[in-house]
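Each chain, written out:
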Amino acid sequence: MTQVLSGAMHYFRVLPEQWRQRLAMLRAMGLDTVETYVAWNLHEPRPGHFDFTGRADLGRFLDLAAEEGLRAIVRPGPYICAEWDNGGLPWWLLADRDAPLRCHDETFLGHVGRFFDEVIPVVAARQVTRGGNVSMVQVENEYGSYGSDRRYLAWLADGLRERGLDVPLFTSDGAIDHMLSGGTLPGVRATVNFGSDPEGSFAELARFRPEDPPACMEFWNGWFDHWGDTHTTRDAAEVAGILERMLAAGASVNLYMAHGGTNFGTWAGANLGGDLQDGEYQPTVTSYDYDAPIDERGAPTEKFWAFRKVLAAHRQGPVPEPEPLPPTLPPTLPPGAVELTQSLRLFDALPPVAGRSARPPTFEELGLAHGLVLYRATVHGPRGPYELHVDGLADRAHLFVDGEPVAVLERDRLTGVPVAVPGPSAVVELLVESMGRVNYGPRLGDRKGIVGGVRHERQYVHGWEAVPIPLDDVSGLPWGRTGATTGPVFHRGTLTVAEPRDAYLALPGWTKGYVWVNGFCLGRYWDRGPQRTLYLPWPLLRAGGNELVVLELDGCQEPVVEIREEVGLG
């Protein structure tokens, strides 16, 4: 089999106007193939409602890759991990608290089948067997890290074939015995994922699949970051040396990531700590730079040049030598500052109450993908200062009693504080924010909001109102109604530019929240770090004035956002 030199780039983490430049960078590094996951939750945001436009235009992405001389490996899931919200599984699957995932369950398979009916024809039409560039397609993803249902894997493989795929299918798993035994499928090529020790990993693969050629579907040349942790990097010379060893052995390699991109909006996932991924909650940052050879903005790094040298020595086929030089990026916006002169209290812009129930409904039961929910109930008194405890808080809550802020609660940290009711009653409000859904391990299927209940001492608090607050559209905010400087507050200002260019936004003195530019949500920020800047891609800007909106949940020193020329990832 021909040695494959591939690099991962996810179309959904890059704006479409920037796809071609990033793909050209892959070619300039010396790769012959691009690999991408397919994010089910991006394409089917509501059951039966599909989107293949803009950032979700998978077909256009594959066509551009072909134009840039790249073959494509497609990994349609239905589960992808990818440090992406819920591992790519749609949030609405979780509205039923008893619904199983990633197994041969008829209801789950019905949803998967509907998704495959829409997405697989897009891929099948672009196979190399039909004159296109799609050369391989994956069955599920790292299934051996989760389950052992071969009937489920066989159903997926059969479904891919029935929908017109005739290129080779494959699986990918960690190079560990139980992962390979649980995640592989007879008749489907097996590949392995790792970041070091290629000789040991390929030996383990050969022990299980002596007939399959060595292939690393995910060579982890960098890593991702969690909020509150340190920024992860890997030495360029070290990882280039590992790449050289794999290619010298004749193995096929997919760099994960070649270009990481950005978890725009609320798409960043989360992990759980511990050896078995069932420990403390660890939400992923907005940037998916991944310390990749092509950085978040699309520029070459030291790792790019080190990899380019190694890849050039192993390049096969009729490709001109030397490889094309990487396209030159224009400069970033000049540094500056934007004062956000308008403000609006979140509580003065609330949508209507969605409903009332005995227990707090989850985000999914309210039909909300991500954002905020304001839960409100009455606690009758008089009674002493017993602990008000939130069971299954997902993931962060501002607690108010009779309109006064009391505490900020957080999953796996502070989940309860004493609350007294000296009079006949008190109104308790919990403004709950969702972070990413867990994307890997046995706790996949991470519901948001208040998943358990709220107890005052041992007594459950009943009779809840819930106000869902989506954050995907801020165009209808009632600016001018009121002003504010503290508490959960929207701030607005104007960023004026001579011409659209990339930039980095920094929010020193701010605490936690979200940023929108011309209505597009760049993502979350948090003073906990390590990420200190948000990448602002040039296609979001226009010459002249640009609306900049920030939702600050905890309060800021000054409502000023800085424009910086350099990235700050920690």
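Structure: above.
First, a word on what this report is: a plain description of the structure on this page. The structure displayed is predicted, hence computed values, not measured ones.

Turning our attention to the overall build of the chain. Counting secondary structure elements, the chain contains 9 helices and 29 strands. Relative to a compact globule of 570 residues, whose C-alpha radius of gyration would be 25 Å, the chain shows 24 Å and is just as compact. The long-range share in the chain, meaning contacts at least 24 apart out of those at least 6 apart in sequence, stands at 80%. Split by element, the accessible area of the chain, about 21000 Å² in all, is 51% carbon and sulfur. On the chain, the mean spot of the 51 positive side-chain charges and the mean spot of the 74 negative ones are 2 Å from each other.

So, about the packing of helix H1 (residues 19-29) against helix H9 (residues 302-312). Remark: H1 packs on H9, axes separated minimally by 8 Å, with the N-to-C direction vectors making an angle of 50 degrees. Considering their axes alone, H1 and H9 lie oblique with respect to each other. Judged by residue contacts, Met25, Ala28 and Met29 of H1 engage Phe304, Phe307, Arg308 and Leu311 from H9. Looking at side-chain class alone, the contact of H1 with H9 contains 6 nonpolar, no polar and 1 charged residues.

Counting 95 residues, the largest nonpolar core has Met29, Val34, Phe108, Phe219, Leu243, Leu255 and Phe307 as the members making the most contacts within it. Among the elements that make up this core, the one with the highest residue count is helix H4 (residues 106-124) (10 residues). Non-local contacts of Phe219, meaning those with residues more than four positions away in its chain, are made with Phe194, Gly195, Val239, Ile242, Leu243, Met246, Val253, Asn254, Leu255, Tyr256 and Phe307. Within the second largest apolar cluster, 26 residues are counted, among which are Ala397, Leu399, Ile450 and Val454.

Before going further, it helps to spend a moment on unusual backbone geometry. Geometrically, the link from Tyr256 to Met257 is a cis peptide bond, its omega value of 0 degrees lying close to zero. The residue Met257 is located in strand E8 (residues 252-259) in this model. The phi dihedral of Asp291 is positive, around 55 degrees, even though this residue is not glycine. Along the chain, Asp291 falls in the loop between strand E10 (281-283) and H9. Positive phi, normally seen in glycine, also occurs at Asp412, with a value near 65 degrees. Within the secondary structure, Asp412 is located in the loop between strand E17 (404-410) and strand E18 (416-421).

Two cysteines form a disulfide when their sulfur atoms are joined by a covalent bond. If you walk through the whole model with that rule in mind, you get 0 disulfides. The closest cysteine sulfur to the non-disulfide-bonded Cys81 is located on Cys216, 15 Å from its own sulfur. Classification of Cys81 by relative accessible area gives buried; the value is 5%.

Among the 6 residues in strand E6 (residues 189-194), 6 count as buried, and that is most of the element. Pairing geometry for strand E5 (residues 169-174) and E6, over 5 bridges, is parallel. Paired with Ser172 across the two strands is Thr191, which belongs to E6. As for the winding sense of the linkage, the β-α-β connection from E5 through helix H6 (residues 177-183) to E6 is right-handed. Strand direction decides the pairing type here: E6 and strand E7 (residues 215-220), joined by 3 bridges, are parallel. Looking across to E7, one finds that Asn193 is bridged to Glu218. For the crossover that starts at E6, traverses helix H7 (residues 198-208) and ends in the parallel E7, the hand is right-handed.

This part takes up the pattern of salt bridges. Enumeration according to the criterion identifies 35 salt bridges in this entry. When the shortest N-O distance is used, the salt bridge between Asp63 and Arg126 registers 2.8 Å. Taken together, the positions of Asp63 in helix H3 (residues 58-67) and Arg126 in the loop between H4 and strand E4 (134-138) put the pair 63 residues apart, joining distant regions of the chain. Taking relative accessible area as the criterion, Asp63 reaches 32% and is therefore assigned partly exposed. Salt bridges sharing common partners tie together Arg356, Arg376, Glu429 and Glu465.

Rules and cut-offs
Residues numbered from 1 in each chain as written. Predicted model: local features only at pLDDT ≥ 70, side-chain atom pairs only at ≥ 80, totals over all residues. Heavy atoms only, no water. Helix = DSSP H or I, 4+ residues; strand = E, 2+ residues; numbered from the N terminus. Rg over C-alpha atoms; globule rule 2.2 N^0.38 Å. Contact = heavy atoms within 4.5 Å. Areas by Shrake-Rupley, 256 points an atom, 1.4 Å probe, with all protein chains shown as cover. Lys, Arg positive; Asp, Glu negative; His and termini not counted. Charge placed at Lys NZ, Arg CZ, Asp CG, Glu CD. Axes fitted to C-alpha atoms, helices over the stretch in contact; angles between N-to-C directions. Parallel < 35°, antiparallel > 145°, perpendicular 65-115°, else oblique. Nonpolar A, V, L, I, M, F, W, Y, C, P; charged D, E, K, R; others polar. Core = buried A, V, L, I, M, F, W, Y, C linked by side-chain atoms within 4.5 Å. Buried < 20%, exposed > 50% of the residue type's maximum accessible area, 1.4 Å probe, protein only. Disulfide = S-S within 2.5 Å. Pairing = 2+ DSSP bridges. Right-handed = clockwise from strand over helix to strand, strands pointing away. Salt bridge = Lys/Arg side-chain N within 4 Å of Asp/Glu carboxyl O.

Remember, this is a structural readout, not a statement about activity or role.
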